[in-house]
Amino acid sequence: MKEGLLKYFIAAFSAVVVWGFFSIPLRMLQDYPSEQILYYRIFTSLLLTWVYIFLFRKSQIKLDIEYIQKEETYSVKKIIWLSLLAGLLITGNWFTYIYVVNNISLKSAAFAYMVCPLITALGGFVILKEKLSTLKLIALGFAMVSIVILAQGSLIDVLWSVLVAALYSFYLIIQRVMVRIDKFNMLGLHLLIAALLMLPFFLSDFEFLPSDPKFWITIVVISVFFTIIPLFLSLYALIGMPSSTLGIIIYINPIVAFAVAFFYFHEEISMVQVYSYLILLAAVIVFNWATIKEILFKTPANKTPVIIP
């Protein structure tokens, strides 16, 4: 397999596996309001990201500025508006996910990232003109069957899941368009936008800083290992793979989250849910079969060009 494709695949896979364990540190902060967790997650991530950028990535900032200066006015405005929209989408995704994990259920949070790949693949097909092969359409059919089975429950839970999924799906689609700007710098920009969006709400709600060391240690862990690193990996992966492929790889997330809910938090899991997740796993394998075959057998996969509007 070409080294370039492999590293993008590993980046995407690593990001979604890490996010599958996100419920563990979040549940440690279950006594705190969702918005308070979000505020400090964003502010801490912003501080750490920009300290790293200023210390080690000044040359990349210079290159990005030079690139923007050479672009036409229309392209610059497009970058600005897409960046603002991306910041809004990822902020909304973070808040709704935290709320669902701590106030609805872990299974609802996992369900969100089952719906997410379908929306991402569909968005990539409609908006970015990413072609889907017959095999990939079959895989999406498997995934849809699994989702329909698992949706036989609370409508409210399903609606929350769809909202979480839609916010992240459209965030991914935007990032697939903005491929020319350094991804870590882009992450820093998104965090800055998120911080500015949340600052008025933070100042309105502020009473005192949490004093529990456990809170701050957990926030730092969330910021580094469950925000900066996996989000950068997912943005990096989009340089070399279609958003539809990354969208399907996200199905690994609910499978890991399902395992965490069952083995770590001991939530009850029915056999119907087990079968549904196995169907999901089959969908992931079928959708990515060309890439998997290339990795295992060194057989070049057919590459479908991605048309960026």
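Quick caveat: nothing in here was measured; it's all calculated off a predicted structure. The residue numbering used here restarts from 1 in each chain and proceeds along that chain's sequence as written. The predicted origin of the model limits local features to residues at a pLDDT of at least 70 and limits the giving and counting of side-chain atom pairs to 80 or more, whereas totals for whole chains, interfaces and linings rest on all residues. Excluded from the side-chain calculation are hydrogens and water; included are all heavy atoms of the structure.

Participant: Is there a simple way to explain the overall build of the chain in this structure?
Facilitator: Scanning the chain from N- to C-terminus turns up 14 helices and 0 strands. Under the scheme applied here, a residue whose accessible area is under 20% of the maximum for its type counts as buried, over 50% as exposed, and between as partly exposed, the area being computed with a 1.4 Å probe on protein chains only. The buried share among the 309 residues of the chain stands at 49%. Taking contacts inside the chain between residues at least 6 apart in sequence as the whole, the part at least 24 apart equals 89%. In short, Shrake-Rupley with a 1.4 Å probe defines the accessible areas, and a residue's cover is counted only from the protein chains shown. When the accessible surface of the chain is split by element, carbon and sulfur atoms take 71% of a total near 15,200 Å². Helix and strand definitions here come from DSSP, where helices need a minimum of 4 consecutive H or I residues and strands a minimum of 2 consecutive E residues; each element is numbered from the N-terminal end. Note on contacts: a residue pair qualifies if any of its non-hydrogen atoms lie within 4.5 Å across the two residues.

Participant: What is the right way to look at the packing of aromatic side chains in this model?
Facilitator: The relation between two aromatic rings is expressed through the spacing of the ring centres and the mutual angle of the planes. Aromatic pairing here means that ring centres of Phe, Tyr or Trp (its six-membered ring) are within 6.5 Å. Orientation follows from the plane angle: under 30 degrees is stacked, over 60 is edge-to-face, and everything else is tilted. Across all of its chains, the model carries 21 aromatic pairs by this definition. Seen from their ring centres, W19 and Y168 are 5.8 Å apart, and the 85 degrees between their planes marks the pair as edge-to-face. Of the two residues, W19 sits in helix α1 (residues 3-20) while Y168 sits in helix α8 (residues 155-177), which places them 149 residues apart along the sequence. For the residue pair W19 and Y168, the accessibility class agrees, reading buried in each case. Plain terms: the ring middles of Y39 and F202 are 5.6 Å apart, the flat faces sit at 80 degrees to each other, and that makes the pair edge-to-face. Taken as a pair, Y39 in helix α3 (residues 34-56) and F202 in helix α9 (residues 183-205) lie far apart in primary sequence, 163 residues in all. Of the residues examined, F202 reaches a relative accessible area of 13% and is grouped as buried. Only Lys NZ and Arg CZ are tested; either one counts as a charge over a ring when it is within 6 Å of the ring centre and within 35 degrees of the ring normal. Sitting over the ring of F265, R27 keeps its end group 5.2 Å from the ring centre.

Participant: Sorry if this is basic, but what is going on with the confidence of the model for the chain here?
Facilitator: Reading fine detail from the predicted coordinates is not recommended where pLDDT is low. Values of pLDDT, the confidence the predictor places in each residue, fall between 0 and 100. Confidence in the prediction of the chain, expressed as mean pLDDT, is 81, and 90% of residues score 70 or more. Confidence scores differ between elements of the chain, with helix α14 (residues 289-297) showing the lowest mean pLDDT of 67 and α3 the highest of 92. Note on residues 299-309: pLDDT is under 50 here. Beyond four places in sequence and across chains, it has 18 contacts.

Participant: Would you take a moment to explain helix α7 (residues 134-150) for this structure?
Facilitator: Side chains that are three or four residues apart share a direction in an α-helix, a result of its 3.6 residues per turn. Take the residue count of a helix, subtract one, and multiply by 1.5 Å to get its expected span. Between its first and last C-alpha atoms α7 spans 25 Å; for 17 residues at 1.5 Å apiece the expected length is 24 Å, and the two agree. Looking only at α7, the buried set comprises K136, A139, L140, A143, S146, I147 and L150. All buried residues of α7 project into a common sector of 115 degrees when viewed along the axis, lining one side. Working definition: the arc comes from the directions between the helix axis and the C-beta atoms, pointing outward to the latter.

Participant: Help me understand the packing of helix α5 (residues 73-104) against α9, please; the structure alone is not making it clear to me.
Facilitator: If you want to describe how two helices pack, look at the angle between their axes and the distance between the axes. In contact at an axis separation of 8 Å, α5 and α9 are set at 70 degrees when each is read in the N-to-C sense. It follows that α5 is roughly perpendicular to α9 by the angle criterion. Between α5 and α9 lies a crossing whose hand is right-handed. Every residue of α9 that contacts α5 at S83, L84, A86, G87, L88, T91 and W94 is listed here: M186, L189, H190, L191, I193, A194, L197 and M198. For this scheme, ten residues count as nonpolar: Ala, Val, Leu, Ile, Met, Phe, Trp, Tyr, Cys and Pro. Four count as charged, namely Asp, Glu, Lys and Arg, and the remainder, Gly too, count as polar. Among the residues making up the contact of α5 with α9, the classes are represented as 11 nonpolar, 4 polar and no charged. Every angle, taken between N-to-C directions, lies between 0 and 180 degrees, and every axis is a line fitted to C-alpha atoms, over only the stretch in contact when it is a helix. For classification purposes, an angle smaller than 35 degrees is called roughly parallel, one larger than 145 roughly antiparallel, one from 65 to 115 roughly perpendicular, and anything else oblique. Crossings are classed by handedness, with left-handed meaning an anticlockwise turn of the near helix from the far one by less than a right angle and right-handed meaning a clockwise turn.

Participant: Is there a simple way to explain the packing of α7 against helix α13 (residues 271-287) in this structure?
Facilitator: The interhelical angle for the contact between α7 and α13, taken along N-to-C directions, is 165 degrees, at an axis separation of 8 Å. Between α7 and α13, the angle falls in the class roughly antiparallel. Crossing of α7 against α13: the hand is left-handed. Residue-level inspection shows L135, K136, A139, L140, F142, A143, S146, I149 and L150 of α7 in contact with α13, the latter providing V272, Q273, S276, Y277, I279, L280, A283, V286 and F287. Residue composition of the contact of α7 with α13, by class: 14 nonpolar, 3 polar and 1 charged.

Participant: Quick question: what am I supposed to make of a nonpolar patch on the surface here?
Facilitator: Together, L135, I138, F142, M271, Y275, L278, L281, I285 and W289 line one region of the surface with nonpolar side chains, adding up to about 830 Å² of accessible area. Elements with a minimum of two residues in the nonpolar patch: α7 and α13. In terms of residue count, α13 provides more of the nonpolar patch than any other element does, 5 residues in total. Along the polypeptide, L281 turns up in helix α13. Exposure above 30% relative accessible area and the absence of a salt bridge qualify a residue for a patch, where like charges join within 9 Å and nonpolar side chains (Val, Leu, Ile, Met, Phe, Trp, Tyr) within 5 Å. Here, a salt bridge means any side-chain nitrogen of Lys or Arg that lies within 4 Å of a carboxyl oxygen of Asp or Glu.

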